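Take a look at the letters that make up each chain.
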Amino acid sequence: MTSKEKTLRIAAIKEGTVIDHIPADKIFTIIRVLRLDKASGSVSVATNLPSKLLGKKGVVKIAGRELTSLEAEEIALLAPEATLNIIKDYEVSEKRKVNLPEQISGFVDCMNPNCITNKQPVATRFSVKAGEKVRLKCDYCEREMGQKQIRIL
Amino acid sequence: MVKGSFKGRDVLSISDFSREDLLHILSVAGQLEKKPRPDLLKGKIMASLFFEPSTRTKLSFAASMIKLGGQVIGFADVRTTSVKKGETLWDTTKMVEAYSDVIVTRNDVEGAPRLMSEASSIPVVNAGDGANQHPTQTLLDLYTIQKEHGSFDGMTIGFVGDLKYGRTVHSLAVALSHFKCSMHFVAPAALKMPDSYITMLKEKGITVEETDDLDAACKHFDVLYMTRIQEERFPDPIEYQKYKSVYKIDKRVLELCKESVKIMHPLPRVGEIDPKIDETPNAIYFKQAANGIPVRQAILALVLGELE
Ligand SMILES: Nc1ncnc2c1ncn2[C@@H]1O[C@H](COP(=O)(O)OP(=O)(O)OP(=O)(O)O)[C@@H](O)[C@H]1O
Ligand SMILES: [Mg+2]
Ligand SMILES: [Zn+2]
């Protein structure tokens, strides 16, 4: 039996989404952000799988659900290396890399405690800076955050 | 430059301005300095909303407005306003928008002026938001350099002191990155210019030098931009004592500099420039402060659409 068959046997889904190539340390954050504890269909999570690309990777398989574009943005922020596989009738019908929009609104916290977004009822807004590593620049206080500082609300 | 393109524009961050924008504001300031226009803003009202106390900037804006024939309303003390009662900044702005033509605001909370600009349809001018931006300071610094030194291209400027927290230094470096000048950053390691700025400057092809040795570096400077090391940045008073007087511009240092060096300082100073320097032709920090008037006049006239 090939390793692929092994994985499929554990968690084959008919319709849904497989998020692949998640860095192992991001997997639980992604579960929280996608609120998978509230999911109605089956969800399987595997982590610490060997990966050529990442060393150790995680995979999340969500039955009966496609991700919203907002959720895809959230994943792109947390795990820019991730791949989204859309499963239709047990087969991968579409595969795409997540990518970041130029602007992100609402769901990320500004790390600057003295930022107006942390003092008044106002939605955050960040410009995404292109480059090797994700950097977000707060449109209000102009502070930049690296990947490690990104906190999703 | 598109005709009238400044009308209605907010002045929030130096990064919102192109090289052409900056040069245009400086040229309008020059015109207003040469030829006063006491009726230009007649009938216009500037709302001066200082949520954080400031004397110099607030007075400089008010004087600029009045010299152009405009009027000023506002507050300088949050305790006297409904802001203290919990009104949101958004609501305060909406109310002020209804009876003024331009808002000038300072806030210790970073990003507050931008939020106000989103709430209001009249232009908002940032007069300082915490550690973030103080664009009119940067413009008056540029105006001073242009006036006293001539041009930006080919110039070497040395920034000295607290380069880590000094927002005036950060903004001026961003503004000068539009020109072909060299920048030297002189600071103790703990207060050095943030890497993000150094990287940005190098990417733009600016020659950058970093050092902690003022004596060795200062001979290169056409402009020496001195800053204050701020006590409030140091949680530990012993740390502050350590850095407080690492650099001091006095006659000894001046001897090491080019004869033509211009010494600038955003003021207030607390001892980092010896008062004996004041009477030398090199000291231009009081002229620099006075340049706030034509520069702020230019900004007000431009965003109000009375000059193009
Ligand atoms: N029906 C299914 N149910 C559950 N998981 C599936 C199903 N089909 C594929 N997968 C999973 O989706 C992911 C992508 O599958 P694919 O067959 O494209 O693998 P791959 O060739 O290794 O892809 P990649 O090049 O993106 O790494 C794998 O983790 C795979 O286990
Ligand atoms: Mg694979
Ligand atoms: Zn912010």
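Each value, and the rule that gives it
Residues numbered from 1 in each chain as written. Chains lettered and ligands numbered in written order. Predicted model: local features only at pLDDT ≥ 70, side-chain atom pairs only at ≥ 80, totals over all residues. Heavy atoms only, no water. Pairing = 2+ DSSP bridges. Helix = DSSP H or I, 4+ residues; strand = E, 2+ residues; numbered from the N terminus. Axes fitted to C-alpha atoms, helices over the stretch in contact; angles between N-to-C directions. Contact = heavy atoms within 4.5 Å. 1 Å grid on protein atoms, 1.4 Å probe; cavity = no way out; pocket = protein on both sides within 12 Å on 5 of 7 lines; lining within 4 Å. Points joined across faces, edges and corners; volume = space filled by probe spheres on them. Donors = N, O, S within 2.8 Å, 3.2 Å for Na, K, Ca; no water. Tetrahedral: all angles 85-135°; square planar, octahedral: opposite > 155°, others 65-115°. Buried < 20%, exposed > 50% of the residue type's maximum accessible area, 1.4 Å probe, protein only. Buried area = accessible area lost by both parts, 1.4 Å probe. Salt bridge = Lys/Arg side-chain N within 4 Å of Asp/Glu carboxyl O. Polar contact = N/O pair within 3.5 Å; in protein donor to acceptor, adjacent residues only side chain to side chain. Nonpolar A, V, L, I, M, F, W, Y, C, P; charged D, E, K, R; others polar. Patch = residues over 30% accessible without salt bridge, like charges linked within 9 Å, V, L, I, M, F, W, Y side chains within 5 Å. Areas by Shrake-Rupley, 256 points an atom, 1.4 Å probe, with all protein chains shown as cover.

Undergrad: Got a minute to help me understand the sheet that holds strand S3 (residues 102-107) of chain B in this structure?
TA: Sheet strands associate in pairs through backbone hydrogen bonding, adopting either a parallel or an antiparallel arrangement. All names here are of chain B. Within the open sheet, the four strands sit side by side as S2-S1-S3-S4. Their pairing is parallel. Each edge of the open sheet carries a strand with a single partner, namely strand S2 (71-75) and strand S4 (124-129). Averaged over all adjacent pairs, the angle separating strand axes in this sheet is 15°, with direction ignored. As paired elements, strand S1 (residues 45-50) and S3 share five bridges and run parallel to each other. Opposite Met46, over in S3, you have Val102 as the bridge partner. Of the strands in this sheet, S1, S3 and S4 are in contact with helix H4 (residues 112-119), which crosses S4 at around 165°.

Undergrad: Please explain empty space enclosed by the protein as it appears in this structure.
TA: Space left empty within the atom packing is revealed by a probe, the size of a water molecule, rolled over the atoms. Per the stated rule, a full pass over the model turns up one cavity of 30 Å³ or more. Here the largest cavity is characterised by a volume of approximately 40 Å³. If you trace the largest cavity, you find it lined by Tyr140 and Glu142 of chain A together with Leu12, Ser13, Gly111, Pro113, Arg114, Asn126, Asp129 and Asn132 of chain B. The set of elements that each furnish at least two residues to the lining of the largest cavity consists of H4 and S4 of chain B.

Undergrad: What should I look at first to understand the sheet that holds strand S8 (residues 125-129) of chain A in this one?
TA: Residue and element names in this part refer to chain A. If you walk across this open sheet you meet the four strands as S6-S8-S9-S10, and the pairing is antiparallel. The two strands at the open ends of the sheet, each matched to only one other strand, are strand S6 (103-105) and strand S10 (144-146). Shown here is a sheet whose adjacent strand axes are inclined to one another by a mean of 30°, direction ignored. Sheet topology note: the S6/S8 ladder contains three bridges and is antiparallel. The partner of Ser105 across the bridge, within S8, is Arg125.

Undergrad: Please clarify how the coordination of the zinc ion (ligand 3) should be interpreted in this entry.
TA: Six octahedral donors around a metal ideally sit at 90 or 180 degrees from one another, while four tetrahedral donors ideally sit at 109.5 degrees. Residues and elements named next belong to chain A. All of the protein donors around the zinc ion (ligand 3) are Cys110 (SG), Cys115 (SG), Cys138 (SG) and Cys141 (SG); their distances to the metal are 2.3 to 2.4 Å. Considering all four donor atoms around the zinc ion (ligand 3), the spread of angles at the metal, 100 to 117°, places the coordination shape in the tetrahedral class. Cys110 gets classed as buried once you look at its relative accessible area, which sits at 2%. For Cys115, a relative accessible area of 0% puts it in the buried group.

Undergrad: Just checking my understanding: could you explain the interface of chain B and chain A for this structure?
TA: Interfaces are often sized by the accessible area lost when the parts come together. Residue-level contacts link 15 residues of chain B with 14 residues of chain A. In this assembly, chain B packs against chain A so that about 1100 Å² is buried in total across both faces, 45% of it on carbon and sulfur atoms. When the buried surface of chain B facing chain A is broken down by residue, Val109, Glu110 and Leu115 of chain B rank first, second and third, together holding 42% of it. For the pair chain B and chain A, the number of links is three salt bridges. Our enumeration of links across chain B and chain A arrives at 11 residue pairs in polar contact (both at pLDDT 80 or more). Breaking the side of chain B that touches chain A down by element, the ones donating at least two residues are helix H3 (89-97) and H4 of chain B. Top element by residues in the side of chain B that touches chain A is H4 of chain B. It accounts for four residues. Counted by class, the side of chain B that touches chain A contains five nonpolar, six polar and four charged residues.

Undergrad: How should I be thinking about a nonpolar patch on the surface in this particular structure?
TA: Residues and elements named next belong to chain B. Side chains of Ile73, Met95 and Tyr99 sit close together on the surface and give an oily, nonpolar patch of about 260 Å² of accessible area. Tracing the sequence through the fold places Tyr99 in the loop between H3 and S3. We classify Tyr99 as partly exposed; its relative accessible area is 44%.

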